[in-house]
Amino acid sequence: MANRLVTYPAVLVIFEGDDPPPPPPDDPPVVRITRPTNGQIFFADPSIRLEGTVTEDSGLGRVTLNHLYLDEDPAPAPWAMDWAGAAPNFTFPSFPDISRVHLHPGRNRLTVEAEDSRGQTHSRSVEVILAPAPVVTITSPADESTTAETEWNVRGRIEKPYGVLPRAQVTIVLEDSGRDPVAVDTLGGNATDGYTFSARVALMDRVASHRNRIRVEAVDEGGAVGRAWADLIVN
């Protein structure tokens, strides 16, 4: 019996017999997300780069992003991503310098799924966090309270569950006083338990019932600002 020659894409097979062998194995695509990294925390700017690669021998049929808001409802519908390259090496998106994913505050799960020309799929996920701006609360003085004192020890708390908060990033000022903001006197705590602060402020009493508007600000690593105000009237 004579040998017969059958070719498959990129494969040369010589066999004996009447029936050709099955085509060579076709593995499903392999997705890798190279940016961002799993667990990465972002501050202030919600628009981030999502980049990665797909290894696939036979050709891609689609690449899809499924963006899940873990701390909010509803999440958006999956959407198609474009890609560049040729088998077996592809990259996504086609234009990483301009393509962005918009995060929501809190935890975001980004899942990229690739499907090849034969319908086989593979996916990879990363979970990233968009840190909310700090939340500042002044606990003393109470807003719209009155005093006969000329100084006040302002106290309060700050919620900032991600990253760190140096004392220099928490400032206090009397609005309309002509003074510059200064760092609070004390700051203690951590991201898990929250922070507490205190700062002694010289009040203005140029006229009767002078209103002192106290402002406290906290700034995170990305420049997002949390603010709180309290009015203290000096009689």
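Refer to the structure above for everything that follows.
In this report, the structure presented in the accompanying data block is examined. (Residues numbered from 1 in each chain as written. Predicted model: local features only at pLDDT ≥ 70, side-chain atom pairs only at ≥ 80, totals over all residues. Heavy atoms only, no water.)

Counted according to the given criterion, the structure contains 16 salt bridges. With its nearest N and O atoms 2.9 Å apart, the salt bridge here joins Arg107 to Asp71. Here Asp71 lies in the loop between β7 (60-69) and β8 (79-80) and Arg107 lies in strand β12 (residues 106-116), a separation of 36 residues in the sequence. The class for Asp71 is partly exposed, based on a relative accessible area of 42%. Arg213 is paired through a salt bridge with Asp231; the nearest N and O atoms lie 2.9 Å apart. (Salt bridge = Lys/Arg side-chain N within 4 Å of Asp/Glu carboxyl O. Helix = DSSP H or I, 4+ residues; strand = E, 2+ residues; numbered from the N terminus. Buried < 20%, exposed > 50% of the residue type's maximum accessible area, 1.4 Å probe, protein only.)

Formed by 22 residues in total, the largest nonpolar core has its most connected members in Ile158, Ile172 and Phe197. Mapped by element, the contributors of at least two residues to this core are β14 (135-140), β16 (151-159), β17 (170-174), β20 (194-202), β21 (210-219) and β22 (225-234). Ignoring sequence-local partners within four residues, the contact set of Phe197 consists of Val136, Thr137, Ile138, Val154, Arg155, Gly156, Arg157, Ile158, Val184, Thr186, Leu187 and Val216. With 20 residues, the next largest nonpolar core counts Val54, Leu60, Val101 and Val126 among its residues. (Core = buried A, V, L, I, M, F, W, Y, C linked by side-chain atoms within 4.5 Å. Contact = heavy atoms within 4.5 Å.)

Let us now look at the environment of His122. Within the secondary structure, His122 is located in strand β13 (residues 121-131). What makes His122 partly exposed here is its relative accessible area of 22%. For the pair formed by His122 and Pro28, sequence separation is 94 residues and the distance between their alpha carbons is 6.7 Å. Setting aside residues no more than four positions away along its own chain, His122 makes contact with Pro29, Val30, Val31, Val112, Glu113 and Ala114. There is a polar contact of 3.0 Å between the side chain of His122 and the backbone nitrogen of Val31. (Polar contact = N/O pair within 3.5 Å; in protein donor to acceptor, adjacent residues only side chain to side chain.)

Take the sheet that holds strand β10 (residues 89-92) next. One open sheet accounts for 4 strands, arranged β3-β6-β10-β9; its pairing is antiparallel. Each having just a single partner strand, β3 (30-35) and β9 (84-86) make up the two edges of the open sheet. This sheet shows a mean twist of 15° between the axes of neighbouring strands, independent of strand direction. Taken together, the 5 bridges between β3 and strand β6 (residues 51-55) define a ladder with antiparallel strand orientation. For Val30, the partnering residue across the bridge sits in β6 and is Thr55. (Pairing = 2+ DSSP bridges. Axes fitted to C-alpha atoms, helices over the stretch in contact; angles between N-to-C directions.)

Function cannot be read off these values alone, since they describe shape.
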